[in-house]
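Coordinate analysis (summary)
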Amino acid sequence: MSVPVITIDGPSASGKGTVAAIVAQRLGFHYLDSGSLYRLLALHARQLDVAWEAEDRLAELAASLPAAFEQGQVWLDGNDASEAIRAEEIGIGASKVAALPAVRAALLQRQRDFAVAPGLVTDGRDMGSVVFPQARVKIFLTASAEERAFRRYKQLIGKGESANLPQIKQDIIDRDTRDAARAVAPLRQEPDAFLLDTTELTIDQAVDTVLRCFGQSQASGV
Ligand code: C5P
């Protein structure tokens, strides 16, 4: 029997990472934040002075990316990169390197290797469409751009950082546009994905909805 996979795709700052991590914990499944791989690659390239447009070189770096996910942290070449990959600028770099087909191809098998027993919950942009097209449950998790910008704003303020709400909203819209317009693995809702709009939902309500979808898939033997 194949390992159950739950994919949660959606636009930036929609809260899909938070929801996916809690669902994984509740089910005792593994968790893959696929965006962190693109973020790690952008950071790695920056450290090595490789441009975010240099497709061939970036694909080589992606194929041998010294990344590890251990103790709840993200590691690059033995250094804890959990904070560094969350910088706004690295997020922008991630969406640039992620638009390059050779980079995506180089990271494909690496992502599939996370699907081991007892199961996997993963979030990103193309997890249901490209990486795990046979996933047991596919969710497309979104929220209005205003709400996503506001959540991100509160997060930054909470961390004691300065934040400009209109600028954050514009960055989110730009990133969504780039992710949805790219030729390879664009951000879009799959026909077989469940649309979960969290604009008016709490995290708990979103988590419960995903768990309910999973429960129904078990019951129907999908
Ligand atoms: O989800 P997160 O904001 O961490 O992702 C950073 C960037 O990585 C996204 O803007 C997107 O361009 C890219 N990405 C992707 N495919 C995924 C996950 C992330 O293209 N599965």
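Below or above, wherever it landed, is the structure these notes cover.

Reading guide: rules and limits
- Residues numbered from 1 in each chain as written.
- Predicted model: local features only at pLDDT ≥ 70, side-chain atom pairs only at ≥ 80, totals over all residues.
- Heavy atoms only, no water.
- Helix = DSSP H or I, 4+ residues; strand = E, 2+ residues; numbered from the N terminus.
- Expected span 1.5 Å × (residues − 1).
- Buried < 20%, exposed > 50% of the residue type's maximum accessible area, 1.4 Å probe, protein only.
- Salt bridge = Lys/Arg side-chain N within 4 Å of Asp/Glu carboxyl O.
- Contact = heavy atoms within 4.5 Å.

Section: helix α2 (residues 34-47)
With 14 residues, α2 extends 20 Å from end C-alpha to end C-alpha; this agrees with the ideal 20 Å at 1.5 Å per step. Counting buried positions along α2 gives 11 out of 14 residues, so the element sits mostly inside the fold. Within the sequence span of α2, burial applies to S34, S36, L37, Y38, R39, L40, L41, A42, L43, H44 and A45. Directly after α2, the chain includes D49, whose backbone phi takes a positive value near 65 degrees.

A look at the pattern of salt bridges
Two side chains carrying opposite charge are able to pair once their charged atoms lie near each other. In total, this model carries 14 salt bridges according to the counting rule given. Note that K159 and E161 form a salt bridge whose closest N and O atoms lie 3.9 Å from each other. For K159, a relative accessible area of 43% translates into the label partly exposed. Given a relative accessible area of 38%, E161 falls into the partly exposed group. Here the salt bridges share partners, and the residues they tie into one network are R125, D179 and R182.

Looking at the environment of Q73
Here Q73 shows up in strand β4 (residues 73-76). Accessibility expressed as a relative area gives 30% for Q73, which makes it partly exposed. Note: C-alpha distance between Q73 and E83 (10 residues apart in sequence) is 9.2 Å. Non-local contacts of Q73, meaning those with residues more than four positions away in its chain, are made with A68, D80 and S82.

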